[in-house]
Amino acid sequence: RLAVRAGEVGAVLADLPAHLPRAVSPERFAEACRRAGVPERQPAGATLAEVQEVFRQEAALPRAERPRTMVSIIVCTRRRREHLIRCLESLLHLTHAETEVILVDNNDPGEGVFDLASRFPCRYVKALKPGLSRSRNMGVAEAKGEILAFTHDDAEVDPGWAEGLVRAFAEPEVLAATGPVVPRELITRGQEWFEELGWTHPCWFRRMVFEGRDGVAPGLLPGAGANLAVRRSFLREHGGFDELLGAGTPTGGGEDTDALMRALRAGGRVVYTPEAMVRHRHRIDMEGARTAAFLSAKLIAYTLLGAL
């Protein structure tokens, strides 16, 4: 992201290529330098041509030399068929090749989405009992990947989403990763109001690392379930998602926050990376927006009280 002072806009636009290297993530550029076998340096001290050449050399590496971390993407769905189609379509464009998609159908009998499993490359799992945590745990049991990535059925992921999440797990201490959740659209007052609250989903554009029980400031959530990835080994060893929490239970949510807090309490790290972006469809009516906002307020209260 390129930060420009108001008085500098004209000068920057006049010679944009000279300023673009400043917008490159230093961590991502250092990783590209290592893979390309060139000395590490700060992108802000390089020319645009030099930055492009490093990424070109990285992209030219033989496939066998590229990271082969397997990502299992788990999408649980209930009564959102049209939005689900858009979600699955976005997964077709991921730049990370080593992925599998697991579609967990939690619809009522006769309202399923089994036919979509033949239209999109995914494994179909039928969840008979309602509950998001229960459905996610069924997906976890089916997953083969080292990294388990979760998004909502009314969200769409950017092409670099899985790749960005994989990079966040570079150190073994990282047990979970999250990223920005931005609105897919702002066309109703309900959607605008929900976004204006500011604390409903974390949305920063810089890398952040949370660690330890005290690694989260009061009221500051390290991520949201619409954009969440967890190491499979950790999630399975700690019993998966708490099935007393989440949509479809009296709590209405909280299973994602609970998993992130357990990762921190286990001594691990949670990385928030702006390289993994998800676009979420906010509730379009004010009643739905208020319900979602109230749920978010409850989750923040839980973190303030240390209840999770």
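Above this text you will find the structure in question.
Reference entry: report on the structure contained in this document. (Residues numbered from 1 in each chain as written. Predicted model: local features only at pLDDT ≥ 70, side-chain atom pairs only at ≥ 80, totals over all residues. Heavy atoms only, no water.)

## Concerning the overall build of the chain
Assigned secondary structure in the chain consists of 12 helices and 11 strands. Looking at the chain as a whole, 47% of its 308 residues are labelled buried. Excluding contacts between residues fewer than 6 apart, the proportion of contacts in the chain whose partners are at least 24 apart in sequence is 71%. Within the structure as shown, the chain displays about 15000 Å² of accessible surface, and the carbon and sulfur contribution to it stands at 54%. (Helix = DSSP H or I, 4+ residues; strand = E, 2+ residues; numbered from the N terminus. Buried < 20%, exposed > 50% of the residue type's maximum accessible area, 1.4 Å probe, protein only. Contact = heavy atoms within 4.5 Å. Areas by Shrake-Rupley, 256 points an atom, 1.4 Å probe, with all protein chains shown as cover.)

## Focus: the environment of Ser 72
Structurally, Ser 72 is set in strand β1 (residues 71-77). C-alpha of Ser 72 to C-alpha of Gly 145: the two residues are 73 residues apart in sequence and 4.8 Å apart in space. If we ignore the near neighbours within four places in the chain, the residues touching Ser 72 are Glu 100, Ala 143, Lys 144, Gly 145, Ile 147, Leu 148 and Ala 149. Within the structure, the side chain of Ser 72 is placed 2.8 Å from the backbone nitrogen of Gly 145, a separation counted as a polar contact. (Polar contact = N/O pair within 3.5 Å; in protein donor to acceptor, adjacent residues only side chain to side chain.)

## What about the nonpolar core?
Counting residues in hydrophobic clusters, the biggest one holds 32 residues, and the most contacted among them are Ile 73, Leu 91 and Trp 161. When neighbours within four sequence positions are excluded, Leu 91 is seen to be in contact with Ile 73, Val 75, Val 101, Val 157 and Trp 161. (Core = buried A, V, L, I, M, F, W, Y, C linked by side-chain atoms within 4.5 Å.)

## A closer look at the sheet that holds strand β11 (residues 278-280)
By way of backbone hydrogen bonds, the strands of a sheet pair with one another, either parallel or antiparallel. If you trace the 3 strands from one edge of the open sheet to the other, you get β5-β11-β7, paired in mixed fashion. Where the open sheet ends on each side, the last strands, each with one partner, are β5 (155-157) and β7 (181-183). Each strand of the sheet is rotated relative to its neighbour by a mean of 30°, with strand direction disregarded. Note that β7 and β11 share 3 bridges and pair parallel. Bridged to Val 182 within β11 is Arg 279. (Pairing = 2+ DSSP bridges. Axes fitted to C-alpha atoms, helices over the stretch in contact; angles between N-to-C directions.)

## Regarding helix α8 (residues 161-168)
Residues three or four positions apart in an α-helix share a direction because the helix packs 3.6 residues into each turn. Counting buried positions over the 8 residues of α8 gives 7, a clear majority of the element. Inspection of α8 places Trp 161, Ala 162, Gly 164, Leu 165, Val 166, Arg 167 and Ala 168 among the buried residues, and these make up the whole buried set.

## A short note on the sheet that holds strand β4 (residues 147-152)
Judged by pairing direction, the sheet is mixed, and its 8 strands sit side by side in the order β3-β2-β1-β4-β9-β6-β10-β8 without closing on themselves. Since the sheet does not close on itself, it has two edges, and those belong to β3 (123-126) and β8 (208-211), each with one partner. The mean angle between the axes of side-by-side strands here comes to 20°, regardless of whether they run parallel or antiparallel. One ladder, built from 3 bridges, connects strand β6 (residues 174-178) with strand β9 (residues 228-231); its direction is antiparallel. Among the inter-strand pairings, Ala 176 is bridged to a residue of β9, identified as Val 230. With respect to the sheet, α8 is in contact with β1, β2 (99-105), β4, β6, β9 and β10 (269-272), its orientation differing from that of β4 by roughly 135°.

## Comments concerning the packing of aromatic side chains
For the coordinates displayed, the defined rule picks out 3 aromatic pairs. Seen in terms of ring centroids, Phe 114 and Tyr 124 are 5.0 Å apart; in terms of plane orientation they differ by 90°. Their pairing is edge-to-face. Note that Phe 114 is positioned in the loop between β2 and α6 (116-119) and Tyr 124 in strand β3, a separation of 10 residues in sequence. The exposure class assigned to Tyr 124 is partly exposed, which follows from its relative accessible area of 26%. Across the ring face of Phe 241, the terminal group of Arg 136 is positioned such that the distance to the ring centre comes to 5.4 Å. (Phe/Tyr/Trp six-rings, centres within 6.5 Å; stacked < 30°, edge-to-face > 60°. Lys NZ or Arg CZ within 6 Å of the ring centre and 35° of its normal.)

## Description of the packing of helix α3 (residues 26-36) against helix α4 (residues 48-59)
Put simply, α3 and α4 touch, their axes get as near as 8 Å, and they point 55° apart. One element, α3, and the other, α4, form an angle in the oblique class. The chirality of how α3 crosses α4 is left-handed. In contact with Arg 28, Phe 29, Ala 32, Cys 33, Arg 35 and Ala 36 of α3, α4 contributes Val 51, Val 54, Phe 55, Gln 57 and Glu 58. Residue composition of the contact of α3 with α4, by class: 7 nonpolar, 1 polar and 3 charged. (Parallel < 35°, antiparallel > 145°, perpendicular 65-115°, else oblique. Left-handed = near helix turned anticlockwise from the far one by under 90°. Nonpolar A, V, L, I, M, F, W, Y, C, P; charged D, E, K, R; others polar.)

Geometric values such as these leave the question of function open.
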